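Here is what each chain is made of, one letter per residue.
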Amino acid sequence: MSSATERYYLPHNSYWPILGSIGLCALFVGFARLLTGANIGSTLMIFGGLIMVLMLVGWFGTVIRESQSGSYNQQVGRSYRWGMCWFIFSEVMFFGAFFAALFYARVLSVPWLGGEGGEASTHLFLWPDFIAAWPLLQLPDASQFSVAKAPMEAAGIPALNTLILLSSAATVTWAHWALKAERRRQLIVGLILTVSLGLLFLALQAYEYRHAFTELNLSIGSGIYGTTFIMLTGFHGLHVTVGAIMLMVVLGRSLAGHFTPLGHFAFEASAWYWHFVDVVWLLLFTFVYWL
Amino acid sequence: MTESVHAHADEKPPGLWRWVVTTNHKDIGTLYLLFALLMFFIGGSMSMVIRTELFQPGLQFTDPLFFNQMTTMHALVMIFGAVMPAFVGLANWQIPLMIGAPDMAFPRMNNWSFWILPFAFSMLLSTLFMPGGAPAGGWTMYPPLVLMTGDAFPYLIFSIHLMGLSSLMGAINIIVTILNMRTPDMNLMKMPLFVWTWLVTAFLLIAAMPVLAGVVTMLLTDRFFGSSFFNAAGGGDPVMFQHIFWFFGHPEVYIMILPAFGVVSTIIPTFARKPLFGYASMVYATASIAFLSFIVWAHHMFTVGMPLAAELFFMYSTMLIAVPTGVKIFNWVSTMWRGSMTFETPMLWAISFVVLFTIGGFSGLMLAITPADFQYQDTYFVVAHFHYVLVTGSVFGIFGAVYYWLPKWTGNMYNERLGKIHFWCSIVFSNLLYFPQHFLGLAGMPRRVPDYAIQFTDWNQVSSIGGIGFGLTQLIFVYIVFQTIRSGSKAPARVWDGAIGLEWSVPSPAPYHTFQEPPKLAEGELQHEGT
Amino acid sequence: MVLPGLAASPAQADFALNMRQGVTPISREIYDLHMIILWICVAIGALVFGAMFYSIVRHRRSKGAVAAKFHESTLVEVIWTLVPSLILVAMAIPATRTLIAMEDTSDPDLTIQVTGYQWKWHYRYLDDEVSFFSLLATPSDQIKNRSPKGENYLLEVDEPLVLPIRKKIRFLLGSNDVIHAWWVPDLGWKRDAIPGFINESWTWIEEPGTYRGQCAELCGRDHGFMPIVVEAKTEEEYRQWVESRKVAQRSEQALAEQEWGLEQLVERGEDVYNKICAACHQPGGVGIPNVFPALKGSPVATGPVDAHIEIVMKGKQGTAMQAFADQLSDLDIAAVISYERNAFGNDSGDMVQPAQIKSAR
Ligand code: HEA
Ligand code: HEA
Ligand code: CUA
Ligand SMILES: [Cu+2]
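Residues numbered from 1 in each chain as written. Chains lettered and ligands numbered in written order. Predicted model: local features only at pLDDT ≥ 70, side-chain atom pairs only at ≥ 80, totals over all residues. Heavy atoms only, no water.

A word on the coordination of the iron atom of ligand 1. All names here are of chain B. Inspection of the coordination sphere of the iron atom of ligand 1 shows a single protein donor, H385 (NE2), at 2.2 Å. The distance between the iron atom of ligand 1 and the copper ion (ligand 4) comes to 4.5 Å. As for its placement among the helices and strands, H385 is situated in helix α14 (residues 380-410). (Donors = N, O, S within 2.8 Å, 3.2 Å for Na, K, Ca; no water. Helix = DSSP H or I, 4+ residues; strand = E, 2+ residues; numbered from the N terminus.)

Here it is, written out as structure tokens:
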């Protein structure tokens, strides 16, 4: 207990947080200005974004250096693990809000508008021509929206994407085994495979979005079906992107010879995140595309 | 990195810069507390505008739109700017001291959690000067009304995103600190109750804040990107917003009260000189309240026209919360029972908390009775309820905590006489301020109105007088705090003779770095175990 | 100081300390529920605070009290978990009964559709072809403290909702813009009016009288200025009122068939403007900067007349400017547009005939 190196590592003054706050603030104020049609909105956003990138690279760089220099003991590692778990839990709740919106629309609001569940008057007096259905293509009042021609099929790209993400979960686990068994080649191959599968997934999703926008006329403005479809898959895609970047960093660090069978928090965190993104996709596939 | 683990000597950069870059939990705790005080005054000034306008029927000083802006901003500033940061500040100062940790688990992230806040609130407050004015749709931001906000709208949304991010990182930090940084001798069931309540609160934050972030994002896309979450024409429903919002909103109110429960559970045993009664049941009650808080949200929405079964479910689940909360109240009373009590200022706040919070809880229970809520909802009865739990509950809890630990933080004793004056004025004025609001609500005065029918005049005048009095009283508090920081008699390590716990084993003021070695728990070092 | 306040409340109902008993069987049930819970809370409060203050007085160190050592007792902890639970059950039973009764909107004798607008109520009697808007009648001089306030300050309307007594009246509540809530305390409930959906509720009024209420959900700038007045009449008087309403509506329609002169139109338009439009665009057409555009010198009110007709009839999506086509008659729309084009120094001399509006529909 008393040997100095076993003490909890406490970093000293740091400039990264305040830089991050400035970056975030610039980013958001820029976005707000863009949305309200004020000037220099996009410039501010780019400026803020660059600061954020600088901050993240700098901050994580510092952490990696500290880790490599052996400043962290096991207790620090445990802190990081707990931190990551709770962060992922918060992400689960974030997605939960959007899934809640999806279920609310499917189970409650759309049927109500169609006259079910004691809402006969709503239907009779306000939307007499509306027929409830899911996926919702015929809207109660289409005049404000760009109506979609057809729903997104589950077979085809989405099914393929499911397969891709599931395989990437397998490859990242395979890489993890390798890391623990100190088989560096397998570790690197596994990570390369995982990252590639992730990128393939994103490419396919981009293609699918194009199909949705151009051929199906399905967009965020196509009523609640399009809204939930785009918001859920969009946020998921964003998370896949973040996960892929994390894995790329881990790949780079593996190439640089970081990580030991006992100390590889960054790897674990990225892998957990990747599995989380995977599970979200399975739910998405089931409730957004399939059922 | 060359900073060696030995370099823990106090290296504080000179001047204000120190506060910007610090990673020390005590510095950051101080920052949080001062920020909260500032916000309390800003939010309070807005409430003074409200109360002055309501002193008489007729429009006196404000345009109705500006009045609505004041109501909305008052609530947002008080909740997200004053009460929550104050509790995080207390957590920052006290949790490492109480569990024998050298600092928070993630000191750098701790700095970031704080330093997002000034930016978030600058953004929010700047909306007051924007075309179309500040948000005026109530702190609950119900669409479609809130979608009609002027240029302020995206700033409102983004400032909430920032506050959410700050609370989230703060909560992760606290939860990990508690789970991973305790001195090895302290298992979970030996933790001080303040630590326990914060553990549960942090969990509530992590579960609730992302939901708020999600739902305001939906507002943003509905306004700017053509989505139809809250628009029936596209298959959505404005009420959907309310469900998701209150799924966050109800846990949020317990986020603002659980740490105060922890404070009271710490203060009462100290001044009763008797171990806390029913430590284990306190822990279980806290956990049950947290669990229940996730299944009662729709009690804020009884009048939206839910199916009967839903109304019944939410009525019953809400009523249930009275049971674990009652357990807490009874335990506090039993702790006092046959104690050897003295009544220093912190104890006075704690006792008044027990009484006034219970009154607020009673009106909460009345609101939970659905048919009766059809009358109470959106009247001043609700306003009275939540100010009893929030002001005479949470804020009084914070006052108690500040008086209790201020000598530990500053090394100086506050002025007991002034403290008592602050307390008694607050008690008298806050009840003058809020108690008549029950009558107003029952008699039929709606909330969020700048003007009212003449039969409501008398009680509004009483309430406004109470309000101004209560506001002025808080100036005493500021004086006391700054006087204590600058002068005052030196405080001993164990400031209160009945005080037990690790934080009292270090000198006052607490050194910049404490517990670099995990401390051993001496016999009788835990408050609830009895000596 | 707090308990006596609570205890005094029922006795002094005249001083508006307590909930109103109301004039329907349900409102009385709710009042009783309210009183039961209130007294239970007072009793529990008396016990808990009593015990606490006893202990504060007796067990203080200055009186030489020595602290006891006990710090738990499973038995009492179980008791004070169970007893409150039982009390809660006792409260829940009558509450459930009342709630079930309130939700039963079946078999009404008549149905009224209530629609909230920023900031007025619209009533439609589905069984008789009668419908009208109901607006705040308090003059703005009283609100601005320029003249003394009347007895029913802020609780008076131009056209009250007239209802028969001793009939089961079903309400269909909806909204045209944002969420409002329809609340008359004497009827015992409020219910939100939500755009895009219809909520149902019902009442059964026991005695004739005038019952006043207000919008109870924040709905924008003039939320505090959209009162509700219900006039409950006997069946007979109620029928008479319905018939006279119908006659009035017919003669109104006849007026719209005529060709109108500019002066008449402007004169009528001024009334419409002050009643309906001035809430936002303000008397004198000056608007509120960045919130409600000024009509004085506005490009729309001085430009081509078609654009003016268009925005008044169709409104503007996503803003507070509503579509007035369904709210106002052809005549009133024609009149208000003519007024706006000639008032506030917009002296264009333009004139819009009711027939023009009719064809624009
Ligand atoms: C700190 C914040 C806080 C706390 C702790 C509470 C606690 C409670 N609240 Fe409150 N509430 C708010 C903050 C809070 N509330 C806010 C801000 C709003 C308004 C939001 C808005 O619309 O802007 C609100 C609104 C609100 C409503 C909606 C009213 C409406 O809009 O119509 C309801 C309805 O059920 C409610 C109920 C309760 C209940 C049952 C409790 C319970 O937790 C209380 C439990 C405590 C007790 C009951 C007392 C002690 C118990 C005993 C001594 C045991 C024995 C007692 C019995 C058996 C009776 N609250
Ligand atoms: C923790 C939260 C919190 C706190 C601490 C307070 C504190 C106060 N609140 Fe607030 N309030 C809310 C949360 C809170 N409130 C919420 C959530 C709402 C609902 C909003 C909505 O409807 O959307 C609300 C709404 C609300 C209303 C109803 C408005 C309406 O419906 O239109 C009123 C009216 O009286 C009110 C009054 C007050 C007063 C007088 C104080 C006082 O306790 C404040 C005292 C503090 C000070 C005054 C500052 C310090 C002193 C000075 C600055 C010195 C100078 C002072 C003078 C000039 C006298 N509040
Ligand atoms: Cu309509 Cu408030
Ligand atoms: Cu609640």
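Side chains of residues three or four places apart in an α-helix project in the same direction, reflecting 3.6 residues per turn. Given a rise of 1.5 Å per residue, 29 residues ought to cover 42 Å, and the 42 Å separating the end C-alpha atoms of helix α3 (residues 74-102) of chain C matches this to within 8%. Along α3(C), the residues that are buried comprise C:E77, C:W80, C:P84, C:L88, C:M91, C:A92, C:A95, C:T96, C:T98, C:L99 and C:M102. (Expected span 1.5 Å × (residues − 1). Buried < 20%, exposed > 50% of the residue type's maximum accessible area, 1.4 Å probe, protein only.)

Our next topic: the coordination of the copper ion (ligand 4). Coordination of the copper ion (ligand 4) by the protein comes from B:H250 (ND1), B:H299 (NE2) and B:H300 (NE2), over a distance range of 1.8 to 2.1 Å. Each donor residue of the copper ion (ligand 4) belongs to the same chain, with the gaps between them written as H-x48-H-H.

To continue, consider the domain arrangement of chain A. All names here are of chain A. Here chain A is partitioned into domain 1 (12-71) and domain 2 (75-93 + 137-290). Computed over C-alpha atoms only, the centres of domain 1 and domain 2 are separated by 24 Å. Contacts between the two partners involve four residues from domain 1, matched on the other side by four residues from domain 2. Contact between domain 1 and domain 2 buries roughly 330 Å² in total, counting both sides, with carbon and sulfur atoms accounting for 57%. Three residues stand out in domain 1 for area buried against domain 2, namely V63, I64 and Q68, and they jointly supply 89% of the buried area on that side. In this assembly, domain 1 and domain 2 are joined by one residue pair in polar contact (both at pLDDT 80 or more). (Domains from an automatic or database assignment. Contact = heavy atoms within 4.5 Å. Buried area = accessible area lost by both parts, 1.4 Å probe. Polar contact = N/O pair within 3.5 Å; in protein donor to acceptor, adjacent residues only side chain to side chain.)

To continue, consider the packing of helix α3 (residues 74-113) of chain A against helix α7 (residues 238-255) of chain B. At their nearest, the axes of α3(A) and α7(B) sit 11 Å apart, and the two run at 150° to each other. On the basis of their axis angle, the class for α3(A) and α7(B) is roughly antiparallel. The element α3(A) and its partner α7(B) pack so that their crossing is right-handed. The segment α3(A) lies against α7(B), with A:M93, A:A97, A:A101, A:Y104 and A:A105 engaging B:V239, B:M240, B:H243, B:I244 and B:F247. Considered class by class, the residues forming the contact of α3(A) with α7(B) number nine nonpolar, one polar and no charged. (Axes fitted to C-alpha atoms, helices over the stretch in contact; angles between N-to-C directions. Parallel < 35°, antiparallel > 145°, perpendicular 65-115°, else oblique. Left-handed = near helix turned anticlockwise from the far one by under 90°. Nonpolar A, V, L, I, M, F, W, Y, C, P; charged D, E, K, R; others polar.)

The next thing to look at is the sheet that holds strand β10 (residues 227-233) of chain C. Residue and element names in this part refer to chain C. Taking strand neighbours across the sheet as the criterion, the five strands line up as β4-β10-β9-β6-β7 in an open arrangement whose pairing is mixed. Two strands in the sheet have a free side with no partner beyond their single neighbour: β4 (161-164) and β7 (189-193). Put simply, the sheet's adjacent strands are angled 25° from each other on average, direction ignored. As paired elements, β4 and β10 share four bridges and run parallel to each other. Bridged to V162 within β10 is E231. (Pairing = 2+ DSSP bridges.)

Residue and element names in this part refer to chain A. Taken together, the side chains of W174, W177, V189 and L193 present a nonpolar region at the surface, about 380 Å² in accessible area. Looking at the nonpolar patch, the elements with two or more residues in it are α5 (157-180) and α6 (184-216). When you line up the elements, W174 lands in helix α5. On the accessibility criterion, W174 (33% relative accessible area) is partly exposed. (Patch = residues over 30% accessible without salt bridge, like charges linked within 9 Å, V, L, I, M, F, W, Y side chains within 5 Å. Areas by Shrake-Rupley, 256 points an atom, 1.4 Å probe, with all protein chains shown as cover. Salt bridge = Lys/Arg side-chain N within 4 Å of Asp/Glu carboxyl O.)

Next up on the list: the site of ligand 2. Residues and elements named next belong to chain B. Residues in close proximity to ligand 2 total 35 residues, the closest being R51, H74, H387, Y434 and R448. Q437 has a polar side-chain atom sitting 3.4 Å from an oxygen atom of ligand 2. At a separation of 2.6 Å, an oxygen atom of ligand 2 approaches a polar backbone atom of R448. Broken down by secondary-structure element, the contributors of at least two residues to the shell around ligand 2 are α2 (25-53), α3 (64-99), α14, α15 (416-443) and α16 (457-486). No other element matches the eight residues that α2 contributes to the shell around ligand 2. Considering only residue class, the shell around ligand 2 consists of 22 nonpolar, ten polar and three charged. (Near = heavy atom within 4 Å.)

Looking now at the interface of chain C and chain B. Taken together, the contact between chain C and chain B spans 97 residues of the former and 99 residues of the latter. Carbon and sulfur atoms make up 71% of the area that chain C and chain B hide from each other, which totals about 8300 Å². Summed over the shared surface of chain C and chain B, the result is three salt bridges. Summed over the shared surface of chain C and chain B, the result is 24 residue pairs in polar contact (both at pLDDT 80 or more). A per-element tally of the side of chain C that touches chain B places helix α2 (residues 25-58) of chain C first, with 16 residues. Tallied by class, the residues present in the side of chain C that touches chain B amount to 55 nonpolar, 26 polar and 16 charged.

Residues and elements named next belong to chain C. Of all five residues making up β7, five are buried, and the element is well covered by its neighbours. Side chains W189, R191 and A193 project from β7 onto one buried face, and the interleaved K190 and D192 project onto a second face that is buried too. For strand β6 (residues 180-184) and β7, the ladder comprises five bridges, and the chain directions are antiparallel. Counted as the bridge partner of V184 is W189 from β7. Between the antiparallel neighbours β6 and β7 lie four residues, among them G188 with a positive phi of about 95°.

Turning next to the site of ligand 1. Taken together, 31 residues sit near ligand 1, with B:W139, B:Y254, B:D373, B:H385 and B:R447 positioned nearest. Each of chains B and C places residues next to ligand 1. B:Y254 places a side-chain nitrogen or oxygen 2.5 Å from an oxygen atom of ligand 1. No other element matches the seven residues that helix α12 (residues 345-368) of chain B contributes to the shell around ligand 1. In the shell around ligand 1, the residues fall into 19 nonpolar, ten polar and two charged.

Now for the pattern of salt bridges. Taken as a whole and assessed by the stated rule, the structure comprises 26 salt bridges over all chains. When the shortest N-O distance is used, the salt bridge between A:E66 and B:R108 registers 2.9 Å. Of this pair, A:E66 sits in helix α2 (residues 41-68) while B:R108 is found in helix α4 (residues 107-126), placing the two residues in two different chains. Under the relative-accessibility criterion, A:E66 is labelled buried at 0%.

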